[in-house]
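What follows is each chain in one-letter form.
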Amino acid sequence: MWKRIALGCIIFSFLALSFGSMVNESLTYDEVFYLEEGRRIVSTRTFSDPYNPPLASILTAIPSVFGWKSPTAARLVTIALGVFLILAVYQVGVKALGGTGGLVAAILIAFDPSLLAHSHYITGDVPLTLFIFLAVIAWQKFLIKPDPTRFILVGLSEGYAFATKMTAVPYVGIAFLAIVWWQRSRRGWQWYIARGSGFVGSVIIALVFVWAAYFFTFDVVIKDREDPNRVSVRMLVYAKAHRLPALESTIIFLSQQSLPLGTYAATIKNTVLRAGKPSIVFFDGVIFDRSRWYFLIVNVLRKTPIPFVILVGMGLLSHKKQRFVRSMVACGAGMVLFASFTGMAPLIRYVLPAIPFLALVAAWGARGRKKLLVTILLLWYIAGTVLAYPHFISYANEVVGSRDRRYEVLADSNLDWGQALPDLARYVANRNLGKMRFSYFGRDDGGRYGLASNTAYGSWKFEDICAFHDVVIDPKALTMATIISVSNWYSCRYNKQEAYQKDNIRDVVADVFLVF
């Protein structure tokens, strides 16, 4: 009974922190797009996001179908999925590690600052984390004892993950291979045939579910667009010039023939092509055109609580590691290494799916140890997270230093994603700032928070994001403050201008707004 009460307290704490953070944060940069995309899909069944499947947008748009169209309603969907994630990790932890191990794993999930940060955002990161975890656990159970129910559960959970974000495809593949590797010892060829055929069947079920997420629409893989520099156009020219009729016919077919899952195939194509292009990557106060393999690993270590790292280390060093624990290590570490070595941007939200697996390793590390040590680590872990309230997205551990210096090493969704407009509005009111020039990395409407501008908010264009908004609260004010959000300070190169050098920063608001 006491364990159920403890689990209830853990979930209540998660809900309290998530709700509190939700009402104290403005919409982040990506949330505006997900909100618009979800409403568009459920009302017109059209898909405009070229890089993400639609399931996360559809799920968060469900309240709008019933007339509840506020962003708060959409955010509540993500919070509910976060609760399901805690329950799923707890159940797996109880069965694999015992009741206490399950509770420790639940604590590590419920108070993880990165999961708390994204637990109330209208994005695909927390849904993806939940669905990948369910898929991997279902796959593990299927390997142990194949049966029709488990076979269907594997396929459905794969489908949910694949229909949420494109990173699900490599992450699920890595995790499934890791599980097979640790289950393989002294297995005969019949074992592999039975499980292999089950895997193929589960993928078929998953693809049918993905197609259902697109409302069973047909579409071409290569959309019509006048651009002579497109890869498909250049490939077609090359095929004609070198007399390659098979390649030429394939490109024409994919350009003209509507297919089942055509939109999904186009999304895969777009994602692969974008991965090879230069982009704006921030690391340690410097803008790069591509990520380096160690950028993400360093940022993960910066944004992971030290007690969590210690507990994972204790789990790795345990001389009684179970096969289950080894497989969890392989799943979590495999995802982080894949993201690092394939050049993903060094943003911790891209590796959130690794956290539940590493939390189970950490829970194993807490087993059989001195209770005082584990208690101190867990209290440190909880306190460090709670102190980051309400902006868990800007969390960094003690190694990084004080909160008002985090902008020196972090930006974008590791720190500043447009979430702190309410804090800026309070700062402006408390300081009686009558006028300000304001460059803001986000798309929410500042007017909703008392920061009405002479130019409209909400544009996705780079030049509009970088532009200054003139906010006039008191026309008679004689002085004007200039405020720049950290992500814009770097990506728009304001930090290179003499007026906005680091030495001219007078204040830092909510970890992310630099006042000059």
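You'll find the structure just up there.
Residues numbered from 1 in each chain as written. Predicted model: local features only at pLDDT ≥ 70, side-chain atom pairs only at ≥ 80, totals over all residues. Heavy atoms only, no water.

Helices and strands together make up the secondary structure of the protein, namely 21 helices and 9 strands. Its C-alpha radius of gyration of 24 Å places the protein within 12% of the 24 Å reference for a compact globule of 516 residues. Across its three principal directions, the C-alpha atoms of the protein cover 80 × 70 × 45 Å. Sequence separation of 24 or more characterises 75% of the internal contacts of the protein that already satisfy a separation of 6 or more. Each charge class in the protein can be summarised by its mean position, and for the 53 positive and 33 negative side chains these summaries are 12 Å apart. (Helix = DSSP H or I, 4+ residues; strand = E, 2+ residues; numbered from the N terminus. Rg over C-alpha atoms; globule rule 2.2 N^0.38 Å. Contact = heavy atoms within 4.5 Å. Lys, Arg positive; Asp, Glu negative; His and termini not counted. Charge placed at Lys NZ, Arg CZ, Asp CG, Glu CD.)

On to the state of the cysteines. Counted by the stated rule, this structure contains 1 disulfide. Note that Cys466 is cross-linked by a disulfide to Cys492, the S-S spacing being 1.9 Å. Note on the Cys466 and Cys492 pair: the S-S dihedral is about -85 degrees, so by sign convention the disulfide is left-handed. With Cys466 in helix α20 (residues 462-466) and Cys492 in the loop between α21 (486-491) and β8 (507-509), this pair connects stretches of sequence that are 26 residues apart. The pair Cys466 / Cys492 is uniform in exposure class, with both members buried. (Disulfide = S-S within 2.5 Å. Buried < 20%, exposed > 50% of the residue type's maximum accessible area, 1.4 Å probe, protein only.)

Residues Phe199, Val200, Ile204, Val208 and Phe216 make up a contiguous nonpolar surface patch of about 450 Å² in total accessible area. Relative to the helices and strands, Phe216 is located in the loop between α10 (189-213) and β1 (218-219). (Patch = residues over 30% accessible without salt bridge, like charges linked within 9 Å, V, L, I, M, F, W, Y side chains within 5 Å. Areas by Shrake-Rupley, 256 points an atom, 1.4 Å probe, with all protein chains shown as cover. Salt bridge = Lys/Arg side-chain N within 4 Å of Asp/Glu carboxyl O.)

We now examine the environment of Gly434. Considering the arrangement of structural elements, one finds Gly434 in the loop between α19 (421-430) and β5 (435-439). Classification of Gly434 by relative accessible area gives buried; the value is 7%. Spatially, the C-alpha atom of Gly434 lies 8.2 Å from that of Val471, the residues being 37 residues apart in sequence.

Okay, the sheet that holds strand β7 (residues 481-485) next. Across a sheet, paired strands are connected by hydrogen bonds in the backbone, their directions being either parallel or antiparallel. Strand order in the open sheet formed by 5 strands is β6-β5-β7-β9-β8, with mixed pairing between adjacent strands. Edge strands, defined here as strands with exactly one partner in the open sheet, are β6 (469-472) and β8. Direction aside, neighbouring strands of the sheet carry axes that sit 25 degrees apart on average. By the bridge criterion, 4 bridges tie β5 to β7 in an arrangement that is parallel. Paired with Ser439 across the strands is Ile484, a residue of β7. (Pairing = 2+ DSSP bridges. Axes fitted to C-alpha atoms, helices over the stretch in contact; angles between N-to-C directions.)

Before going further, it helps to examine the packing of helix α15 (residues 306-317) against helix α17 (residues 355-366). Interaxial distance between α15 and α17 falls to 7 Å at its minimum, and their mutual angle equals 70 degrees. With respect to α17, the axis of α15 lies roughly perpendicular. Here α15 and α17 pass one another in a crossing that is left-handed. Counting all contacts with α15, which are made through Phe308, Leu311, Val312, Met314, Gly315 and Leu316, the residues of α17 involved are Ile355, Leu358, Ala359, Val361, Ala362, Trp364, Gly365 and Ala366. The class makeup of the residues in the contact of α15 with α17 is 12 nonpolar, 2 polar and no charged. (Parallel < 35°, antiparallel > 145°, perpendicular 65-115°, else oblique. Left-handed = near helix turned anticlockwise from the far one by under 90°. Nonpolar A, V, L, I, M, F, W, Y, C, P; charged D, E, K, R; others polar.)

All right, on to the packing of aromatic side chains then. Scanning all chains against the criterion turns up 33 aromatic pairs. Look at Phe282 and Tyr490: their rings are 4.3 Å apart centre to centre, the planes differ by 50 degrees, and that puts the pair in the tilted class. Placement of the pair is Phe282 in strand β3 (residues 281-283) and Tyr490 in helix α21, with a sequence separation of 208 residues. The same class applies to Phe282 as to Tyr490, namely buried. Taking 5.1 Å as the distance between ring centres and 50 degrees as the angle between the ring planes, the aromatic pair formed by Phe468 and Tyr494 counts as tilted. Pair noted here: Phe468 is in the loop between α20 and β6 and Tyr494 is in the loop between α21 and β8, with a separation of 26 residues, a long-range link. Accessibility assignment for this pair places Phe468 and Tyr494 in one class, buried. Through pairs of rings, three or more aromatic residues link up here, namely Phe283, Phe288, Trp293, Tyr294, Phe295 and Phe341. Taking NZ or CZ as reference, Arg274 lies 3.8 Å from the ring centre of Tyr51, over its face. Positioned above the aromatic ring of Phe468 is the side chain of Arg437, whose terminal nitrogen or guanidinium carbon lies 3.9 Å from the ring centre. (Phe/Tyr/Trp six-rings, centres within 6.5 Å; stacked < 30°, edge-to-face > 60°. Lys NZ or Arg CZ within 6 Å of the ring centre and 35° of its normal.)

The analysis is restricted to geometry; functional conclusions fall outside its scope.
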